[in-house]
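Next come the chains, spelled out residue by residue.
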Amino acid sequence: QVQVVESGGGLVQPGGSLRLSCAASGSIFSINRMGWYRQAPGKQRELVASITSGSRTNYADSVKGRFTISGDNAKNTVYLQMNSLKPEDTAVYYCNVDITQFSRVNLEVWGQGTLVTVSS
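So, here's what we can say about the structure. Remember, predicted model here, so these are calculated numbers, not experimental data. In this convention, every chain numbers its residues from 1, walking through the sequence in written order. Local features in this predicted model are restricted to residues whose pLDDT is 70 or higher, and side-chain atom pairs enter the listing and the counts only when it is 80 or higher, whereas totals over whole chains, interfaces and linings include all residues. Neither water nor hydrogens contribute to the side-chain values; these are computed over all heavy atoms in the structure.

### Structural notes on the overall build of the protein chain
Worth spelling out the cut-off: Runs of H or I in DSSP of at least four residues are treated as helices and runs of E of at least two as strands, each being numbered from the N terminus. As defined in this context, the radius of gyration uses C-alpha atoms, and a globule is described by 2.2 Å times the residue total to the power 0.38. Three exposure classes are used, based on accessible area relative to the maximum for each residue type with a 1.4 Å probe and protein chains only: buried under 20%, partly exposed in between, and exposed over 50%. Only heavy atoms matter for contacts: two residues are in contact if any of them lie within 4.5 Å across the pair. Surface accessibility in these figures is a Shrake-Rupley result with a 1.4 Å probe; residues are shielded only by whichever protein chains are displayed.
When you go through the protein chain residue by residue, the secondary structure sums to zero helices and 11 strands. Computed over C-alpha atoms, the radius of gyration of the protein chain comes to 14 Å, within 12% of the 14 Å expected from 2.2 N^0.38 for 120 residues, which places it in the range of a compact globule. Reported as C-alpha extents along the three principal axes, the dimensions of the protein chain are approximately 50 × 25 × 25 Å. Buried positions account for 41% of the 120 residues belonging to the protein chain. Sequence-distant contacts, at least 24 apart, represent 55% of the contacts inside the protein chain between residues at least 6 apart. When the accessible surface of the protein chain is summed, it comes to about 6400 Å², and 47% of that surface belongs to carbon and sulfur atoms.

What follows is the structure, given as structure tokens:
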């Protein structure tokens, strides 16, 4: 089994910063990719940023220059540093992990989500 736990959400004023963390644990042989998605009320879930095992990153256009994704392979952890936050960044943020288990079976696991609210 694999568990994915997010932390770091909360309430922040426009222009402020937050850092989200996501840690994966369990039967993990290797992590191929980790990503952050978000879902605002009434909208579809969308990719925010992702990072591969080779440290290749990808960002949604709406967050480029404001958000930074980074990973710690030793800790199976990914971070999302969010700066210059805007009200439209308000959403539930979900961590998504693409792993290979010791059985060599690939698995995609979602976290439970963490709420980010940007409001004055």
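### A word on the pairing of strand 11 (residues 114-118)
Note the threshold: By this definition, two strands are paired if DSSP reports at least two bridges between them.
Here strand 11 shows one buried face, formed by Thr114, Val116 and Val118, and one open face, formed by Leu115 and Thr117. Taken together, the three bridges between strand 2 (residues 10-12) and strand 11 define a ladder with parallel strand orientation. Among the inter-strand pairings, Leu11 is bridged to a residue of strand 11, identified as Thr117.

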